[in-house]
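Close look at the chain arrangement
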Amino acid sequence: MTRALRPIFAIALALGFAALLLLLLGFAPGPALLALFAGSVGSGPAWTATLLKTAPLLLTGLAVSIGFRCGAWNIGAEGQLAIGALCATAVATRALPHLPAPLLLPLVLLAGALGGVLLGGVAGALRARRGVSEVISTILLNFIALELVSLAVHGPLQELSGAYPKSDPLPAAALLPRIGRLHLGVPAAAAAAALVWVFLFRTALGFRLRAVGLSARAARFAGISPEGHGWLALALGGGLAGIAGACEVAGVTGQLYEGISPGTGFTAIAVALLARLNPLAVIPSALFFGALEAGAGAMQRSVGVPSVATQIVQGAVIVLSAAFAGARVPGAARSRSR
Amino acid sequence: MELFLEAALRLAAPLLLAALGELVCERAGVIHIGVEGTMLCGAFAGYAVAVASGSPLAGALAGALAGGAVGFGFACFSVLRGVDQIVAGTAVNLIALGGTGLAVRSLYQGLPPRAPVLEVLPLPGLAELPLLGAFFRQSLFAYLSLLLALAIALFLARTRPGLRLRAVGESARAAAVEGLQVRRIRVAAVCTGASLAGVAGASLSLGLADGFSEGMTAGRGFIALAIVILGRWSAAGVTAAALFFGATSALQFRLQARGVGVPYPVFLMLPYLLTLGVLALGGRGARAPADLGRN
């Protein structure tokens, strides 16, 4: 099988596995798959939904890819996205709500990025300084971030009437410009993929990050600090995921609430692995999972198959693309500095 | 105070069971971050079987079997096919969350019945002890978790298979040179460990609660991973760490019930913050099995 076909093979296997499970549980897989298809790429509005779902998956998929490329297991994109959304909302609705758009929007995005950098950076620092496994710390930080969002929308960021656990709507000046029914974040996310590719494959720093991922030991002998670069990879990834969160509140939801992310940060792992951690390949990979998510809603509405079924596809794609599609994670190089 | 101790052990039991399972896995050199998903499968299978059969014991057994099956699936990919363990474990979590969610909705059409639970079983005599009696007024799950802690400690330290398991975890290559069946031992360790996680799940749906709800493990599987690190990869340490977490959640419920004017997300955040803090302060010096995470 040619290399290019392998991810498609993994997707087909995963869909087959999900169909089998649906059949076992008494759902009809045929209509479910059709509804999935129609709801994701079958019409103009379906494409809009797909592309809107794709943008955060793309950014978080890049976040995960950068980490994994450096041998740093960033399982925390979910929390980094949530914190990004939280910081962006705080700036837009509380700190500087009266700034004009040319100032406010960049600040909102920056706040999102900084929130993510902070969360990713904490995991990176704990790993570099205290030897705490980033797998555990990023998972724990996910929970902490989600509770922080909950705390914020019940407290300092709660909307004026105080009746609902959500924030005030973002001022118009904080919203992303729209292109038809899409927001600017969608093309920007694709551009980010190109930037990350250039960073990883055409800059010295990117080279060092990858070197650490390929062999932390060899990198150390070459004078490249695995700890420092691991920290950087986690913080950078956090920043990308944080921007994804900011784009969600400033482009899609217009306000912050609990459960702002439907597991985007976990799907991101599937996105990154299906793309074999190649930033450019993350674009089609995110598009696939975006379509899956957009279609899942339609599937639930029209044929009554719960949308959680797509998580099975995501999980299956993760292990199948790793097992059969040659998704090489530089994992043998798990940094074991002590 | 006695009520507090009682609650502490009751809340610690699922964590202890899951963490002991993870301990067995990790000592064999396999890190299984799909504990959360495995627990969910155990919770669901235990619930479904208990509802169907009317017997919570049969449910607990089903939880163990379901956990073992999930572990076997994980091992097929990670140990046998060489898929990275973190990657395969992440997949387990996603598939389990989706699969159990789908199953509970399709089987019970939105009206899941209540499950029969394993009742509290006071041990005659011991249960009347002052203070310590709290540890003897528990459900079978709690007794089982403490007994298993002892059994696993002895198994790892004092038996030949235990020694082999540790050898495989420290250096798979050296163990292979010695003629040990590395993969077979790892698959067995993963299946055993995962079946404990399955029982831990069943102890949630048939003990702490009397039913199954989507995502009911609520992060306990991840706390179990942290407990293994805090417990420094020993059964005694894991037991102490699990009891500590049980005690903090018991304390958390107390404070919450008293309404100390702290918003509830803070309480929900507490165990994770605490874990992170303890790992940051106490993680150093602990040594993981040398071949942990390597295929």
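Cut-offs used in this document
Residues numbered from 1 in each chain as written. Chains lettered and ligands numbered in written order. Predicted model: local features only at pLDDT ≥ 70, side-chain atom pairs only at ≥ 80, totals over all residues. Helix = DSSP H or I, 4+ residues; strand = E, 2+ residues; numbered from the N terminus. Rg over C-alpha atoms; globule rule 2.2 N^0.38 Å. Buried ≥ 20, exposed ≤ 12 C-beta atoms within 10 Å, placed from the backbone. Contact = placed C-beta atoms within 7 Å. pLDDT = per-residue confidence, 0-100. Expected span 1.5 Å × (residues − 1). Bend = angle between axes of the 7 residues up to and from the residue. Nonpolar A, V, L, I, M, F, W, Y, C, P; charged D, E, K, R; others polar. Core = buried A, V, L, I, M, F, W, Y, C linked by C-beta atoms within 7 Å.

1. Details of the overall build of chain B
A tally of regular secondary structure across chain B gives 11 helices and 2 strands. The helix and strand sequence of chain B, counted from the amino end, reads α-α-α-α-β-β-α-α-α-α-α-α-α. The globule rule puts the C-alpha radius of gyration for 295 residues at 19 Å, and the 19 Å found for chain B is close to it. The C-alpha extent of chain B, read off along each of the three principal axes, is 60 × 45 × 40 Å. Each of the 295 residues in chain B was classed as buried or not, and the buried ones make up 57%.

2. Focus on the overall build of chain A
Secondary structure assignment for chain A yields 13 helices and 2 strands. Taken along the three principal axes of its C-alpha coordinates, chain A extends 60 × 50 × 30 Å. Evaluated residue by residue, chain A yields a buried proportion of 60% over its 338 residues. Looking at chain A alone, contacts between residues at least 24 apart form 80% of all its contacts between residues at least 6 apart.

3. With respect to the confidence of the model for chain A
Considering every residue of chain A, the mean pLDDT works out to 89; 95% of them sit at 70 or more. Scored below 50 in pLDDT, residues 331–338 of chain A makes 17 contacts in the model with residues more than four places away or belonging to other chains.

4. Some words on the confidence of the model for chain B
With 98% of its residues at a pLDDT of 70 or more, chain B shows a mean pLDDT of 89. Predicted complex, confidence summary: ipTM 0.84, pTM 0.89.

5. Examining helix 3 (residues 56–80) of chain B
Residue and element names in this part refer to chain B. Helix length check: helix 3 (25 residues) gives 34 Å between terminal C-alpha atoms against 36 Å at 1.5 Å per residue, within 8%. A maximum bend of about 30° is found in helix 3 at Phe-74. Within helix 3, 18 of the 25 residues are buried, leaving the element largely enclosed by the surrounding structure. A positive phi of about 75° marks Gly-82, the residue just after helix 3.

6. Description of the interface of chain A and chain B
In this assembly, 41 residues from chain A lie in contact with 39 residues from chain B. For the side of chain A that touches chain B, the elements supplying multiple residues, two or more each, are helix 5 (101–130), helix 6 (134–154), helix 11 (264–274) and helix 13 (309–323) of chain A. Among the residues forming the side of chain A that touches chain B, the class breakdown is 27 nonpolar, 11 polar and 3 charged.

7. Observations concerning the nonpolar core
With 238 residues, the main nonpolar core has Leu-59, Ala-88, Val-108 and Val-319 of chain A together with Ala-19, Leu-20 and Ile-227 of chain B as its most contacted residues. The contacts of Val-319 of chain A, once residues within four sequence positions are left out, are Phe-77, Val-83, Val-87, Ala-88 and Ala-91 of chain B.

8. Focus: the environment of Arg-164 of chain B
Tracing the backbone shows Arg-164 of chain B in helix 6 (residues 160–170). Distance from Arg-164 of chain B to Ile-152 of chain B, taken between C-alpha atoms, is 14 Å for residues 12 residues apart in sequence.

9. Considering unusual backbone geometry
Located in the positive-phi region is Arg-276 of chain A, a residue other than glycine, with phi close to 50°. If you trace the backbone, Arg-276 of chain A turns up in the loop between helix 11 and helix 12 (282–303). You can call Arg-276 of chain A buried: it has 20 C-beta atoms within 10 Å. The phi dihedral of Ala-218 of chain B falls on the positive side, at around 50°, and the residue is not glycine. Judged by local crowding, Ala-218 of chain B falls into the partly exposed class, with 15 C-beta atoms found within 10 Å.

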